[in-house]
Amino acid sequence: KTIQLVGVENFWNTLKKLNFKMDFEPDHYGPSLALGTLDVSLWQLVHAYSRFTNENDSIFSELTRNKINWSL
């Protein structure tokens, strides 16, 4: 559902902003990208999660951060 709402390209661009290393183009992964088909290291994953609530990070809007924090 996430990929359907935001689109593969937007999702892909966010992953790039989070510094995930990707060996293929978005169309290689398709909608399964939202299910975790991208191979990532534990370090990359921890770093990405730390950016969800960082108020000084410009990747996510305040509204998005609030929605994520609310669900935690």
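Residues numbered from 1 in each chain as written. Predicted model: local features only at pLDDT ≥ 70, side-chain atom pairs only at ≥ 80, totals over all residues. Heavy atoms only, no water.

Moving on to unusual backbone geometry. A positive phi is found at asparagine 19, a non-glycine position, where the angle reads about 70°. The residue asparagine 19 is located in the loop between helix H2 (8-17) and helix H3 (26-29) in this model. (Helix = DSSP H or I, 4+ residues; strand = E, 2+ residues; numbered from the N terminus.)

For the coordinates displayed, the defined rule picks out 2 aromatic pairs. Here the aromatic rings of tryptophan 12 and tyrosine 29 are separated by 5.8 Å at their centres, their planes lie at 35°, and the arrangement is tilted. Of this pair, tryptophan 12 sits in helix H2 while tyrosine 29 sits in helix H3, placing them 17 residues apart in sequence. Taking relative accessible area as the criterion, tryptophan 12 reaches 6% and is therefore assigned buried. What makes tyrosine 29 buried here is its relative accessible area of 12%. Ring centres of phenylalanine 24 and tyrosine 29 lie 6.1 Å apart, and the angle between their planes is 65°; this geometry places the pair in the edge-to-face category. Here a set of aromatic residues connected by ring pairs shows up, and it is made of Trp12, Phe24 and Tyr29. (Phe/Tyr/Trp six-rings, centres within 6.5 Å; stacked < 30°, edge-to-face > 60°. Buried < 20%, exposed > 50% of the residue type's maximum accessible area, 1.4 Å probe, protein only.)

Bear in mind that shape data such as this cannot, by itself, settle questions of function.
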